[in-house]
Amino acid sequence: LQSGASKRPASPAEWRQAVAEAGNAESGRRVFLSVQTGCTTCHQAQGRGTSIGPDLSNVARSLDRAKLTEAILDPSREVAPQYEHHIVETKSGTTYSGVLVHIGLDGSPLINAIGAGRIRVPVAQVARHETSKLSMMPAGLENTMTVHDFRDLLAFLLTLK
């Protein structure tokens, strides 16, 4: 936490209260682009980042501060079907995690895999293909940030219209 704060929020309710104040959008842009938070591993905004998860360039048109806060605090609460988390394991033991782009006529999945881009796994090499109930966005992301960073990230996201 930044100086002046007495303690780190310990629950989602405490986080919601702690980040209700406005933050600094320019600092939030840096939080979004930072390796520590990893937002750009899956999201894109203003042409920066990766397009595995939703493009956040216009996120403030559909989500307000409360909904953005909830999406960060509980990413698995609501996952749009096109962003369901698919896990494909090959018979050689390689595992790909990402969103399903499509299934080929022969049954071969094409996924947009985190850290690997678009990968087609021939159906004959698929050992396991499952859809996870959990979002690809990690739970506990708030624990990688200070309260100020979280406020600033929200301020940046709220500028994306």
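Up top you'll find the structure we're talking about.
All values reported here derive from a predicted model rather than from experimental measurement.

A. View of the overall build of the chain. Across its full length, the chain holds four helices and seven strands. Projected onto its principal axes, the C-alpha positions of the chain cover 60 × 30 × 25 Å. By the burial criterion, 37% of the 161 residues in the chain qualify as buried. Here the contacts in the chain between residues at least 6 apart in sequence split such that 57% fall between residues at least 24 apart. Of the roughly 9000 Å² that the chain leaves accessible, carbon and sulfur atoms contribute 50%. Where the 17 positive side-chain charges of the chain centre and where its 15 negative ones centre are 3 Å apart.

B. How the structure looks around the sheet that holds strand β5 (residues 109-113). On the basis of which strands lie adjacent, the open sheet formed by five strands has the order β6-β5-β4-β3-β7 and antiparallel pairing. Looking along the sheet, the strands with just one partner apiece sit at the ends: β6 (117-120) and β7 (126-132). Looking at each pair of strands side by side, their axes are set apart by 40° on average, direction ignored. Pairing analysis gives four bridges linking β5 to β6, with the strands arranged antiparallel. Considered in β6, the bridge of L110 is made with R120.

C. Seen up close, the environment of G93. The topology assignment puts G93 in the loop between β3 (85-90) and β4 (95-103). Taking relative accessible area as the criterion, G93 reaches 47% and is therefore assigned partly exposed. Considered as a pair, G93 and A127 are 34 residues apart in the sequence and their alpha carbons are 8.3 Å apart.

D. The arrangement of helix α3 (residues 65-73) in detail. Burial in α3 covers these residues: L68, T69, E70, I72 and L73. Against the buried residues of α3 lie α1 (12-18) and α4 (147-157). Its side-chain oxygen at 3.2 Å from the backbone nitrogen of A66, D64 defines the N-terminal cap of α3.

E. Main features of the pattern of salt bridges. Under the defined criterion, the tally for this structure stands at six salt bridges. A salt bridge links E26 to R30; its shortest N-O distance comes to 3.8 Å. A residue pair is termed a helical-turn pair when its members lie 3 or 4 positions apart in one helix, as E26 and R30 do in helix α2 (residues 25-33) at four residues. Between R128 and E130 there is a salt bridge, with its nearest N and O atoms 3.0 Å apart. By relative accessible area, E130 is classed as partly exposed at 35%.

Rules used throughout
- Residues numbered from 1 in each chain as written.
- Predicted model: local features only at pLDDT ≥ 70, side-chain atom pairs only at ≥ 80, totals over all residues.
- Heavy atoms only, no water.
- Helix = DSSP H or I, 4+ residues; strand = E, 2+ residues; numbered from the N terminus.
- Buried < 20%, exposed > 50% of the residue type's maximum accessible area, 1.4 Å probe, protein only.
- Contact = heavy atoms within 4.5 Å.
- Areas by Shrake-Rupley, 256 points an atom, 1.4 Å probe, with all protein chains shown as cover.
- Lys, Arg positive; Asp, Glu negative; His and termini not counted.
- Charge placed at Lys NZ, Arg CZ, Asp CG, Glu CD.
- Pairing = 2+ DSSP bridges.
- Axes fitted to C-alpha atoms, helices over the stretch in contact; angles between N-to-C directions.
- Polar contact = N/O pair within 3.5 Å; in protein donor to acceptor, adjacent residues only side chain to side chain.
- Salt bridge = Lys/Arg side-chain N within 4 Å of Asp/Glu carboxyl O.

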